[in-house]
Each structure stands twice: as C-alpha cells, then as structure tokens.
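Remarks on the overall topology
Each chain, written out:
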Amino acid sequence: MNQFQYVRPTKQKAAIDALAKDANAQIIAGGTNLIDLMKRGVMAPQKLVDINKLPLNKIERDGSNTRIGALALNGVVAEDKLVLEKHPLLAQALNAGASAQLRNMATVGGNMLQRTRCHYFYDTALPCNKREPGSGCGALEGFNRMHAIFGFSDKCIAVHPSDMSVALVALDATVLVSGPKGDRRIPFIDFHRLPGDTPQKDTNLEPGELITAVDIPDAPFTKNVHYLKVRERASYAFALVSVAAALNIENNTIKDARLAMGGVAHKPWRLTEAEKSLVGKPATEETFRQAAEVAMRGAKAFKYNQYKLKLAPNSIVQALKTAAAVA
Ligand SMILES: Cc1cc2nc3c(=O)[nH]c(=O)nc-3n(C[C@H](O)[C@H](O)[C@H](O)COP(=O)(O)OP(=O)(O)OC[C@H]3O[C@@H](n4cnc5c(N)ncnc54)[C@H](O)[C@@H]3O)c2cc1C
C-alpha cells in the first residue's frame, strides 16, 4: 500500500503552501476520479491536499459574468437557477455526465482535471506515455476505438473525457487560478493541452496552482442550444462523440454561433472555423451540413475509430438542428 499524507487546510494560502512544499502533492476535491486512480496504482501522490474546507462553492454574478466556484458540485450547478437562465448549454452538458450520485460528489475544478479514460492509461501493465513518459503508446497500434481524430501526436492519442468542459470551451469561459506566483486567468480554450511530446501534461496549470473558479460571460445563447452526447449506453458512459451547439438566430438568420466537440481530441475541441461558416446563413440543414464539413477538415482516424469520421459530422448536424429546432 502507498502511504500518503493528508491535510485539510481552511485557508486558500495554506492550501497553496501545502502544494508548493511537495512536488508530488495532489489536490483532492470530490475524489471521484483521483481515488479511483490511486486504487489502481495509476497515480500515487505522497500528499493529498483536501480543499473541501475552502469557501469555493458559490455560484454568483460578477459584472457580466457568471462565476462558478471550483468546489461547486456538478449536480448543483446543473440545477442552479442562474445557470439554467443564462447558460442552459452548460446545464445540459453537466446532466449528460456520469450519474446523479457522481454529479453530487464531483466538483467543477475536478471535472476539468479528470484524467483520460484511455484503457492504456488505466492499465499499469500496458505502455502509456501519459502515465509513464517514454514507455510508448499502446493505443496507437492497439484497441483505439474511443480515441482521438484531431490534434493527436505519435506519443498519445487519448481523448479528454469531460462533458462539462465541452460546453465551457464553447461558451468562452475563463479559468481563475491561484498559485505561489499569485492569481491569473486562463481562457478555457488554452486551459487543456494537445499531447505533443509531453502527453503527461493535460493542462497549462503550473505546479502548485489551484483552480478557484470559472467565469462564463453573458452571451445571447440562452434559447437555441443543445448538447448532444453519443455513447454506448444511455447513461453512465463517456462520450464517443459529443457536440455543444449554441446559436443566436434572428429571423431565421444565424447571427452568431458556438460549436465544440468532445470525445475527439486530447482537449475539448472548439470548432471556430465551422462557427464562422454558420454566421449570416439561414438556419437550415444544408447550412449545418456545410459547417460539419468545415469542422471535419484535418480529421484522421485509426484502425478502430473510423466510425468517428461519420459519427462526428452527423452529430454536429443533429446538434445544430436540435438547437435551431429545425425538423
Ligand atoms: C463511473 C463514472 C462515470 C463517469 N462518467 C462521466 C461522464 O459521462 N462525463 C464526465 O464528464 N465525467 C464523468 N465522470 C467523471 C467525473 O465527472 C469526474 O470524476 C469528476 O468530475 C471529478 O471531480 P472531483 O471533484 O471528484 O475530482 P477529484 O477526483 O477530487 O480530482 C480530480 C483531479 O482534479 C484535481 N483537482 C480537483 N479540484 C481541483 C482544483 N480546484 N484545483 C486544482 N486541481 C484540482 C485533483 O488534484 C485531481 O487530479 C465519471 C466518473 C465515474 C467514476
């Protein structure tokens, strides 16, 4: 059994100090991912910094943003009045994730930092550059049915599993972090990383940094939105492909659009070119098919995930049709 220290600071500075003192310390929030990984021997922190005593669970207005604390529970955020009114796409994405029990333990910060569900990452008997840099990528030539079609490298083809993060990247959210060098803000689109040569790094967080909140700016995406998640079971399963679609439609013309996909890359995959292609066009299936074509440029599949090359564009069209209420 791995021995580890456990601390439960009541002040943010004490939490950051506790992290800074030990390179192998890990924050624990809901524990729904980290504890699993520790039990399986995938992660072995020497110290757990439990942040549940920090006052980081508020959902409130901050200027023209909704600020959601890092410790707000996924289930609470999904049912929050402000979130439902201003950012219904986020509520839909959260409700598509995990199960009610898990959503009532899982936090916003933990959800963003959950690790990939790649089998090779989870099985310590198999090679995985993310778990053990330099050991190789078992998925490249192995069972790669769930894996990436965008942005992968020859070191890692894993995908990011979070549903919530797909909505947050589409909604132009910003991550607020605090660390030994002070506070900073990271645009959500830059928060997660592509694998490149360092797939062990999932995000651009610096060592010792704590996520304190997420800001979501107000935008006219309150009506024509849809989060579509395609999975192998109706609940309790990760996305094969998911799509977060948000449209601002006036007189059947698309004034603005936000589009992102999950289950296709090492990070939540924002589709900015496809968004641009939608603007000024009528909200029709034909428009959505053209946008899906733009979105799929550069996609490349492996032996067992060829199906994603069809599933992804069809899911984009379906999500946009549902968002626009096009029959
Ligand atoms: C059976 C099962 C099914 C699931 N299905 C889905 C699904 O369909 N969709 C989906 O999106 N998710 C799914 N999940 C994942 C679930 O959403 C995550 O486990 C959960 O969101 C993690 O949150 P947590 O608070 O429990 O994180 P923890 O397990 O406590 O932490 C996870 C990671 O985040 C770090 N961390 C946590 N909070 C902070 C912070 N504030 N600052 C810095 N670092 C922090 C920890 O150090 C750790 O590395 C599923 C999980 C399970 C077990």
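Residues numbered from 1 in each chain as written. Predicted model: local features only at pLDDT ≥ 70, side-chain atom pairs only at ≥ 80, totals over all residues. Heavy atoms only, no water.

Considerations on the overall build of the protein
On a plain count of helices and strands, the protein comes out with 13 helices and twelve strands. Taking 20 Å as the expected radius of gyration for a compact globule of 327 residues, we find that the protein reaches 19 Å, a close match to that expectation. Oriented by its inertia axes, the alpha-carbon framework of the protein measures out at about 60 × 50 × 35 Å. Relative to its 327 residues, the protein shows a buried fraction of 54%. Restricting the contact set of the protein to residue pairs at least 6 apart, pairs at least 24 apart contribute 64%. Element-wise, carbon and sulfur atoms account for 51% of the exposed surface of the protein, whose accessible area totals about 14,800 Å². (Helix = DSSP H or I, 4+ residues; strand = E, 2+ residues; numbered from the N terminus. Rg over C-alpha atoms; globule rule 2.2 N^0.38 Å. Buried < 20%, exposed > 50% of the residue type's maximum accessible area, 1.4 Å probe, protein only. Contact = heavy atoms within 4.5 Å. Areas by Shrake-Rupley, 256 points an atom, 1.4 Å probe, with all protein chains shown as cover.)

Considering the packing of helix H12 (residues 285-295) against helix H13 (residues 308-324)
The interhelical angle for the contact between H12 and H13, taken along N-to-C directions, is 140°, at an axis separation of 9 Å. Between H12 and H13, the angle falls in the class oblique. Handedness of the H12/H13 crossing: right-handed. Contacts between H12 and H13 involve Glu285, Phe288, Arg289, Ala292 and Ala295 from the former and Pro313, Asn314, Ile316, Val317, Leu320, Lys321 and Ala324 from the latter. (Axes fitted to C-alpha atoms, helices over the stretch in contact; angles between N-to-C directions. Parallel < 35°, antiparallel > 145°, perpendicular 65-115°, else oblique. Left-handed = near helix turned anticlockwise from the far one by under 90°.)

Looking at the sheet that holds strand E3 (residues 47-50)
Pairing in this open sheet of three strands is parallel, and the strands run E1-E3-E2 from one edge to the other. The open sheet has two edge strands with one neighbour each: strand E1 (5-7) and strand E2 (25-28). Recorded for the sheet is a direction-independent mean angle of 25° between the axes of neighbouring strands. (Pairing = 2+ DSSP bridges.)

What to know about the UniProt feature "domain: FAD-binding PCMH-type" (unreviewed entry) in the protein
Sites flagged by UniProt as "domain: FAD-binding PCMH-type" (unreviewed entry) map to residues 1-221. The span residues 1-221 is 27% helical and 18% strand by assignment, and the distance between its end C-alpha atoms comes to 49 Å. (UniProt positions renumbered as here; feature names shortened; annotations may be inferred.)

Concerning the site of the ligand
Taken together, the neighbourhood of the ligand is formed by 33 residues, with Ile27, Gly31, Thr32, Thr107 and Asp163 sitting nearest. Ile27 is positioned such that a nitrogen or oxygen atom in its backbone is 2.5 Å from an oxygen atom of the ligand. The backbone of Gly31 places a nitrogen or oxygen atom 2.7 Å from an oxygen atom of the ligand. Here the ligand has 980 Å² of accessible area as a free molecule, and 93% of this is covered by the chains. (Near = heavy atom within 4 Å. Polar contact = N/O pair within 3.5 Å; in protein donor to acceptor, adjacent residues only side chain to side chain.)

Describing the nonpolar core
Grouped together as the largest cluster of nonpolar side chains are 36 residues, with contacts concentrated most on Leu89, Leu90 and Met112. Ranked by residues supplied to this core, first place goes to helix H9 (residues 164-170) with six residues. Setting aside chain neighbours within four positions, we find Met112 in contact with His160, Met164, Ser165, Val175, Phe188, Phe191, His192, Ile211 and Val214. Judged by nonpolar contacts, the second largest core, of 32 residues, contains Val241, Ala257, Val294 and Ala312. (Core = buried A, V, L, I, M, F, W, Y, C linked by side-chain atoms within 4.5 Å.)

A word on the sheet that holds strand E11 (residues 253-262)
Reading across the sheet, the four strands line up as E9-E10-E11-E12 and stay open at both edges, with antiparallel pairing between neighbours. Each of the sheet's edge strands pairs with one partner strand only, and the pair in question is strand E9 (224-230) and strand E12 (269-270). Helix H5 (residues 88-95) rests against E9 and strand E10 (241-250) of the sheet, and its axis sits at about 15° to E9.

What about the pairing of E2?
One face of the sheet, then the other: side chains in a regular strand alternate in exactly this way. Sheet topology note: the E2/E3 ladder contains four bridges and is parallel. When the sheet's bridge partners are listed, Ile28 is paired in E3 with Asp50. Taking the sense of rotation as the criterion, the β-α-β connection linking E2, helix H2 (residues 34-39) and E3 turns out right-handed. (Right-handed = clockwise from strand over helix to strand, strands pointing away.)

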